[in-house]
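A closer look at the structure
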Amino acid sequence: MRISNLSYLIGQGLKNMWRNRMMSITAIGVLTICLIMVGAAGLLSLNINSLVDFVQSENEMVVFLNDGMPEDEALRIGEVIQTNPNVDQIKYVSSEEAMQEQREALGENADLLDGLETDLLPAKYVVNVKDIAEFEKTASELEKLDGVMSVSAATDIASTLTDLGRMVSSLGFILIVALAIIAVVIVINTIKVTIFNRSKEINIMRYVGATTTFIHIPFIVEGMTLGMISALLSFGCTAVCYNGVLQHVVSEHSGWLQSAFQNILEFSDVALPLGIVFAVSGITIGVFGSLISIRKYARV
């Protein structure tokens, strides 16, 4: 196909959009919203995974040993704890060190502990786990060890984030499929209107010997353009909204929660793959919808 013919066909596709601009605007609006929701689901899933990784690296359980346990026996129990397949790192804290930690935690009120025995508090192990999904199971296993008095573990945070991540992944997939179907239907209807408006012209082109490809290309260009415009708009809206929400969340929290939120992905970290996903999704939906509409309504 000559360059002049290709330029003409592309121009016809763009003119189709302008002639049916209300339908085109509607299609772009719906497709943009669909892509934004798909992007939001993807970003939410990625950030939950990032938060899970943060909690997995920071979350820990404390294994308290029996009172008065000799240090050599405590070290033996530490070796047993380390053999647990889900245990990553352990740190031994003696009774004296535990008392010193308590004094530091009390700050100006540390004098309340004056006169108490330095070995009043039990020795303990601070344990980090490898897989946060097995957090509760690991805590239960360690609590059954001989010489272990109790295990303190924030299992709710671990299990909640893990379950939330699974739920978002499942719902995100369902949402993506549903929105893709809606977007394709919108594009099909938009191209259908264009085909009906140009039905006389299409018949004339057919009678004078125009090829099927020559007749179909403008409609494919129209669908592709709808997809590209929607991808650009959705990318821009997602960037603005994401950065705004991220800035608000990080600035409004403090302490451990702020540290966790600081592990949320920067938009610049996901901009390139997200842009590619938007572009590919938008163009694919546009072209796919055009091809279905052409096959169904443009019988040439």
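Below is a short write-up of the structure. (Residues numbered from 1 in each chain as written. Predicted model: local features only at pLDDT ≥ 70, side-chain atom pairs only at ≥ 80, totals over all residues. Heavy atoms only, no water.)

1. Re the nonpolar core
Judged by nonpolar contacts, the single largest core of 28 residues is most densely connected at Ile 195, Phe 219, Tyr 242, Phe 267 and Ile 285. Among the elements of the structure, α2 (21-58), α6 (155-197), α7 (199-207), α8 (212-251) and α10 (267-297) are those that each provide at least two residues to this core. The residues touching Ile 285, leaving out its near neighbours within four places in the chain, are Leu 31, Ala 180, Ala 183, Val 184 and Val 187. If you look at the next biggest cluster of nonpolar residues, it comprises 17 residues, including Val 63, Met 69, Phe 135 and Leu 142. (Core = buried A, V, L, I, M, F, W, Y, C linked by side-chain atoms within 4.5 Å. Buried < 20%, exposed > 50% of the residue type's maximum accessible area, 1.4 Å probe, protein only. Helix = DSSP H or I, 4+ residues; strand = E, 2+ residues; numbered from the N terminus. Contact = heavy atoms within 4.5 Å.)

2. What to know about the pattern of salt bridges
Scanning all chains against the criterion turns up 1 salt bridge. Across the salt bridge formed by Glu 73 and Arg 76, the nearest N and O atoms sit 2.7 Å from each other. Here Arg 76 and Glu 73 lie together in helix α3 (residues 71-82), a separation of 3 residues that amounts to about one turn. The exposure class of Glu 73 is partly exposed, given its relative accessible area of 29%. (Salt bridge = Lys/Arg side-chain N within 4 Å of Asp/Glu carboxyl O.)

3. Describing a nonpolar patch on the surface
On the surface, a nonpolar cluster with roughly 750 Å² of combined accessible area is contributed by Leu 164, Met 167, Leu 171, Phe 173, Ile 174, Val 177, Ile 181 and Val 185. Given a relative accessible area of 44%, Met 167 falls into the partly exposed group. (Patch = residues over 30% accessible without salt bridge, like charges linked within 9 Å, V, L, I, M, F, W, Y side chains within 5 Å. Areas by Shrake-Rupley, 256 points an atom, 1.4 Å probe, with all protein chains shown as cover.)

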